[in-house]
There are 2 protein chains.
Amino acid sequence: MSKKIIINGTIITMDVNNLLIKDGAVAFENGEITYVGETPNDLTTYTEVIDVKGDYVIPGLINTHGHASMSLLRGYADDLPLQQWLEEKMWPIEATYTKEHAKWGTNLSIIEMLRTGTTTFVDMYDNMDEVAMAVDKSGIRARLCRGMIGFGSEELRQSKLDEASNFVRNWSNQANGRITTMMSPHSPYTCTPDFIEKIVSRAVELNSPLHIHMSETKAEVELNVKEYGERPVKHLEKLGMFHQPTLVAHAVHVEDWEMDILAEYDVKVSNNIISNLKLASGIAPVPEMLNKGITVSLGTDSSASNNNLDLFEELKQVALLYKGVHNDATLIPAEKALQLATIHGAEAIWLDHQVGSIEVGKQADLVVINTKQAFYQPAHNPISHLVYSGSGRDVKDVYVQGKQVVKNGQCVTIDEEMVIFEVNRLSKQF
Amino acid sequence: MSKKIIINGTIITMDVNNLLIKDGAVAFENGEITYVGETPNDLTTYTEVIDVKGDYVIPGLINTHGHASMSLLRGYADDLPLQQWLEEKMWPIEATYTKEHAKWGTNLSIIEMLRTGTTTFVDMYDNMDEVAMAVDKSGIRARLCRGMIGFGSEELRQSKLDEASNFVRNWSNQANGRITTMMSPHSPYTCTPDFIEKIVSRAVELNSPLHIHMSETKAEVELNVKEYGERPVKHLEKLGMFHQPTLVAHAVHVEDWEMDILAEYDVKVSNNIISNLKLASGIAPVPEMLNKGITVSLGTDSSASNNNLDLFEELKQVALLYKGVHNDATLIPAEKALQLATIHGAEAIWLDHQVGSIEVGKQADLVVINTKQAFYQPAHNPISHLVYSGSGRDVKDVYVQGKQVVKNGQCVTIDEEMVIFEVNRLSKQF
């Protein structure tokens, strides 16, 4: 039986009772953490001892909203107004997408995420079997859903609903439990109320949580009021969505009373701060949501609107932006920002019993940061250095479920060169 | 005679007439660029051929405001209100600083800057001989000034003025021309009007440009009005400062009519976007300043308030923030953001005849980015990838004045391990 131990690390556990362990160790066996504490004197019981010599060890980061397939569109269109970007650039290309695009786009995204310390991600798109297979092979962890846009015929909607339901049936708890699923109406502006209600009842039948885009732009909120007489939060509440566990992406344009509704139903939020800035959608009220006890987590959205999947950048942005916007340097301190990307991320996708912190009994999703670099000196405060000075590029080794997936900065489960070749071959057709 | 040529690069020249060259080459000799164009067939005249195989080649980035010595305080205090941060944390420690602190702090900062593609930086601090010696040895380029805080006795002020003047006399155009200098009253709130006037006349005598902190916080502007009856821009104009070439750092709280004054005198601005967010100072009106034709460049400020010196992060932040704040996704597109960090940086410190773009006759300050990575795929748009997806950590090789200073991501002119040892030894006393 393989019993591994990482020793001599600066362990940032994200367990509030035991946040930081200097000269610390983490042991794991069968993919599960069996010991967290000081480096033990006796190491003879371990089959492998990994001496990280002072490097930081953190729980794998959790990216709670994205569309991995879309990485083929990175840099294809930037600096455009949202509607022009969507209607003239994104949608025409996405309409030509095949399973092959989904496969290679997802592999490209998984390489990026693993190499920058993300070990769990949420994905909402189509061709989800391809996404799930890529997750399975790469060794990453994911909560996946077939996003349903409700345009078109009743038959088309029904077939999407069946496809989404089958995806949940086929893939939940597959890949040694690394894959979990959701049901996902794309948004209130792309799904009619009755289609959302159908999806919600199906989610109840399947005992599945829900994921949806909500209140990303001001225009979308205004449209919702015009069409349905309510802002999106109240609209979705009325449709019964929030009685089922729900993760909403964006929640940029939510008023105080709407946050009260989100808090009341324990609706989880994925904040996509960089994508929201880049698309000029606005700035979500993250400090206010946190004050109301809402679980706020971080998502990159796709690399078409970010344009990378490095959660370290979201971390730093969330720690910086609100200070400047609200003239308060104490807002979202470094430790809180890191919580958003780890333990709150786990809570947002109902996996906090498994991941999000380094604790005995949780899964061994671990990231080692190379801190023997100028950026991490002097050694005043590891959490500050990680958030304000670090970069996803400093990730050295990554383990998911105890299995090494990144070694010395290189992804060992996917052939990066081949993926680069394939995504360029496919994107030449755009 | 050494004649080098970089071949097969994606050359991002920042020369508007010839912005992007695929399969391009840059040749240099005696530290100067002698050829920019397609990769030539005949390479026999070159003593060294460097094949970068598609990697991007960009002009070295220019960091127009900082305090390199302060890197010893990285992560020493974060998430605090500005006055508490300054008065309880920064100033007490800085008061204990010796030449040794300046030496090792500066070396740490230079490693960070070189490794993330910055080849020219501005520094305002004391113990500037130490800073200049570190610049000389490391091979980086810098415009340096002894920042003068006017508190204390008349004798103390006079001795600072003499020290600053001697620094200009001793170090201008030293280190094979890599060092240039300025005269620098610290700020309108730390220097009395007559001290500023004295410094300005000395700058005229020395034919030296000027550098000053200005309008960083709202409180500072209000204090200026209370003490001197004017906001800082008008105050400095009245003191005759802007008749001499001047670079102001921050310019966060400037009104429309104040920007007109800055434009009228061609006052250069160093925008410190991340430091301004982190210290909750506010958000400078960069799009408005650009509209008025003001030269806006980027600075990191010190790593005590940033907390790193990676100009790629400033680049991306300036391209993102204004879109979100002003609800306009077309504001500060990728190319403009890159101009701020390159050619506008050079203009801001009056070195645009030498650096800031890859052009024949300019200095060979060149940065090679490793783009054979997922983050730069598919190969749609190099400038977008560099700004929105890239990281300073992707810098592979750096040349200043044609001399290699970073090789495969490692600084070859400074011993990073020794510097890490020394900064930790020194900072243990804090």
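Here the residue index of a chain counts from 1 through its sequence in written order. The naming scheme follows written order: chains are lettered A onward, ligands numbered 1 onward. Only residues with pLDDT of at least 70 get local features here, since the model is predicted, and only at 80 or more are side-chain atom pairs given and counted; chain-wide, interface and lining totals rely on the full set of residues. Here the side-chain values reflect all heavy atoms present in the structure, with hydrogen atoms and water set aside.

Going by what an unreviewed UniProt entry lists, chain A is known as 5-methylthioadenosine/S-adenosylhomocysteine deaminase and is assigned to Halalkalibacter akibai. UniProt positions are given in the numbering used here, feature names are shortened, and annotations may be inferred rather than shown by experiment. On record in UniProt, under Function (unreviewed entry), the comment for chain A is "Catalyzes the deamination of 5-methylthioadenosine and S-adenosyl-L-homocysteine into 5-methylthioinosine and S-inosyl-L-homocysteine, respectively. Is also able to deaminate adenosine." Quoted verbatim from the Sequence similarities (unreviewed entry) field of the UniProt record, the comment on chain A reads "Belongs to the metallo-dependent hydrolases superfamily. MTA/SAH deaminase family."

Student: Pulling in residues and values, what's your account of the overall build of chain A?
Tutor: Per the convention used, a helix needs a DSSP run of H or I reaching at least four residues, while a strand needs a run of E reaching at least two, with both numbered from the N terminus. Helices and strands together make up the secondary structure of chain A, namely 15 helices and 18 strands. In terms of C-alpha radius of gyration, chain A reaches 21 Å, essentially the compact-globule figure of 22 Å for 430 residues. Along the first, second and third principal axes, the C-alpha atoms of chain A reach 65 × 45 × 40 Å. Expressed as a percentage of the 430 residues in chain A, the buried residues total 67%. Look at the contacts in chain A between residues 6 or more apart in sequence, and 72% of them connect residues 24 or more apart. With an accessible surface of roughly 14,400 Å², chain A has 47% of that area assigned to carbon and sulfur atoms. Here Asp and Glu are counted as negative and Lys and Arg as positive; His is not counted, and neither are the chain ends. Where a charge sits is defined by one atom per residue type, namely NZ (Lys), CZ (Arg), CG (Asp) or CD (Glu). Averaging the positions of the 38 positive and the 57 negative side-chain charges in chain A gives two centres separated by 3 Å. Within these notes, the globule rule equals 2.2 Å times the number of residues to the 0.38 power, and the radius of gyration is based on C-alpha atoms. Note on exposure labels: buried denotes an accessible area under 20% of the residue type's maximum, exposed denotes more than 50%, and partly exposed covers the range between, all computed with a 1.4 Å probe on protein chains only. Here a residue-residue contact requires only that any non-hydrogen atoms of the pair lie within 4.5 Å. Surface accessibility follows the Shrake-Rupley procedure with a 1.4 Å probe radius. Residue values consider only the protein chains on display as shielding.

Student: Tell me about the UniProt feature "domain: Amidohydrolase-related" (unreviewed entry) in chain A, and please be specific about residues and values.
Tutor: Summarizing the sequence annotation, UniProt attributes the feature "domain: Amidohydrolase-related" (unreviewed entry) to residues 56-405 of chain A in the numbering used throughout. Between the C-alpha atoms that bound residues 56-405 of chain A the distance is 17 Å, and the span itself is 43% helix and 17% strand.

Student: Lay out the relation of the copies chain B and chain A in plain terms, naming residues and giving numbers.
Tutor: Rotating chain B by 180° and translating it 0.0 Å along the rotation axis places it on chain A, where the RMSD comes to 0.0 Å. Expressed as a symmetry operation, the mapping of one chain copy onto the other fits a two-fold axis. Looking at the rotation axis and the C-alpha trace of chain B, the residue lying nearest is Arg393(B), at 3.1 Å. Looking at chain B, 100% of its interface residues are interface residues in chain A too, so the copies touch through the same face. Least squares is the method for superposing the copies, and the C-alpha atoms it fits come from residues with pLDDT of at least 70 in both.

Student: Explain the packing of helix H11 (residues 311-326) of chain A against helix H12 (residues 334-341) of chain A to me, using residue names and the numbers behind them.
Tutor: All names here are of chain A. What counts as an axis is a line fitted to C-alpha atoms, over the stretch in contact for a helix, and the angles between N-to-C directions run from 0 to 180 degrees. In the contact formed by H11 and H12, the axes pass within 9 Å of each other and the chain directions differ by 140°. Judged on the interaxial angle alone, H12 and H11 are oblique. In this structure, H11 crosses over H12, and the sense of that crossing is right-handed. Of the residues in H12, those touching H11 at Leu311, Leu315, Val318 and Ala319 are Ala337, Leu338, Leu340 and Ala341. As a working rule, the residues Ala, Val, Leu, Ile, Met, Phe, Trp, Tyr, Cys and Pro are called nonpolar, Asp, Glu, Lys and Arg charged, and the rest polar, with Gly in that last group. Here the residues of the contact of H11 with H12 are counted per class, giving 8 nonpolar, no polar and no charged. Angle categories are assigned with fixed cut-offs, so that under 35 degrees is roughly parallel, over 145 is roughly antiparallel, 65 to 115 is roughly perpendicular, and the rest are oblique. Helix crossings fall into two classes, left-handed where the near helix is turned counterclockwise from the far one by less than a right angle and right-handed where it is turned clockwise.

Student: Break down the interface of chain B and chain A for me, with residues and values.
Tutor: Taken together, the 64 residues of chain B in the interface contact 64 residues of chain A. Accessible surface is computed with a 1.4 Å probe, and the buried area is the amount of it that two parts give up when combined, taken over both parts together. Taking both partners together, chain B and chain A bury about 4,800 Å²; carbon and sulfur atoms supply 59% of that area. Taken as a group, Asp79(B), Phe375(B) and Arg393(B) account for 14% of the area that chain B buries against chain A, more than any other trio of residues on that side. When a carboxyl oxygen of Asp or Glu is within 4 Å of a side-chain nitrogen of Lys or Arg, the pair counts as a salt bridge. A salt bridge links Lys316(A) to Glu313(B), with the nearest nitrogen and oxygen atoms 2.4 Å apart. What qualifies as a polar contact is a pair of N or O atoms within 3.5 Å, subject to a donor-acceptor requirement within protein and to the restriction that residues adjacent in sequence count only when both atoms come from side chains. Remark: the boundary between chain B and chain A carries 45 residue pairs in polar contact (both at pLDDT 80 or more). Among the secondary structure elements, those contributing two or more residues to the side of chain B that touches chain A are helix H2 (99-115), helix H9 (273-278), helix H11 (311-326), helix H14 (382-389) and helix H15 (416-427) of chain B. Of the residues forming the side of chain B that touches chain A, the biggest block, 8 residues, is contributed by H11(B). Grouping the amino acids of the side of chain B that touches chain A by side-chain chemistry returns 27 nonpolar, 23 polar and 14 charged.

Student: Give a detailed account of H11(A), specifying residues and quantitative values.
Tutor: Helical periodicity: at 3.6 residues per turn, an α-helix aligns residues three or four positions apart in one direction. Residues and elements named next belong to chain A. Between its terminal C-alpha atoms H11 stretches 23 Å, which fits the 22 Å expected from 16 residues at 1.5 Å a residue. Here the bend at a residue is taken as the angle between two axes, fitted respectively to the seven residues that end there and the seven that start there. The largest bend in H11 amounts to roughly 25° and is located at Gln317. Across the 16 residues of H11, 14 count as buried, placing the element largely inside the fold. The distance from a side-chain oxygen at the start of H11 to the backbone nitrogen of Phe312 is 2.9 Å, and the residue carrying that oxygen is Asp310. Of the residues flanking the end of H11, it is Asn327, one or two places downstream, whose phi is positive at about 55°. Multiplying 1.5 Å by the residue count of a helix minus one yields the expected span of that helix.

Student: If you had to explain the sheet that holds strand S12 (residues 246-250) of chain B to someone new, which residues and values would you point to?
Tutor: Residue and element names in this part refer to chain B. In this description, strands pair whenever DSSP reports at least two bridges between them. Spatially, the 4 strands line up as an open sheet ordered S11-S12-S13-S14, and their pairing is parallel. Only two strands of the sheet have a single partner each, and these edge strands are strand S11 (210-214) and strand S14 (296-298). Mean inter-strand twist for the sheet, computed between neighbouring axes without regard to direction, equals 30°. Summarising the sheet, strand S13 (residues 268-271) and S14 pair through 3 bridges and their orientation is parallel. Paired with Val269 across the strands is Val296, a residue of S14.

Student: Just give me the short version of the domain arrangement of chain A, but keep the residues and values in it.
Tutor: Residue and element names in this part refer to chain A. Assigned domains of chain A: these are domain 1 (3-59 + 362-411) and domain 2 (61-348). Each of domain 1 and domain 2 was reduced to a C-alpha centroid, and the two centroids are 29 Å apart. Contacts between domain 1 and domain 2 engage 30 residues on the former and 30 residues on the latter. A buried area of about 2,400 Å², summed over both sides, lies between domain 1 and domain 2, and 64% of it is on carbon and sulfur atoms. Together, Met14, Val387 and Tyr388 form the three largest contributors to the area buried by domain 1 at its contact with domain 2, with a combined 27%. Counting across the interface, domain 1 meets domain 2 through 2 salt bridges. Where Arg393 meets Asp310, a salt bridge forms, and the shortest distance between an N and an O atom there is 3.8 Å. Here domain 1 is connected to domain 2 by 8 residue pairs in polar contact (both at pLDDT 80 or more). When contributions to the side of domain 1 that touches domain 2 are tallied by element, the ones reaching two or more residues are strand S5 (56-59), strand S15 (366-369), helix H14 (382-389), strand S16 (395-400), strand S17 (403-407) and strand S18 (410-411). Looking at which element gives the most residues to the side of domain 1 that touches domain 2, the answer is H14, with 5 residues. Split into classes, the residues belonging to the side of domain 1 that touches domain 2 amount to 19 nonpolar, 8 polar and 3 charged. Delimitation of the domains relies on an automatic or database domain assignment.

Student: So what's going on with the pattern of salt bridges? Residues and values would help.
Tutor: All names here are of chain A. The tally for this structure, following the rule as stated, stands at 56 salt bridges over all chains. A salt bridge links Glu100 to Arg425, with the shortest nitrogen-to-oxygen separation between them at 2.7 Å. In this pair, Glu100 is assigned in helix H2 (residues 99-115) and Arg425 in helix H15 (residues 416-427), connecting sequence segments 325 residues apart. On the basis of relative accessible area, Glu100 is assigned to the partly exposed category, the value being 35%. Judged by its relative accessible area of 32%, Arg425 falls in the partly exposed class. Between Arg178 and Asp136 there is a salt bridge whose closest N-O contact spans 3.6 Å. Note that Arg178 is positioned in the loop between helix H4 (154-171) and strand S9 (179-181) and Asp136 in helix H3 (residues 128-138), a separation of 42 residues in sequence. Assessed through its relative accessible area of 9%, Arg178 is described here as buried. Residue classification places Asp136 among the partly exposed positions, given a relative accessible area of 34%.

Student: Describe the environment of Ala374(A), listing the residues and the values that go with them.
Tutor: Within the secondary structure, Ala374(A) is located in the loop between S15 and H14. In this structure Ala374(A) comes out as buried when scored by relative accessible area, which is 0%.

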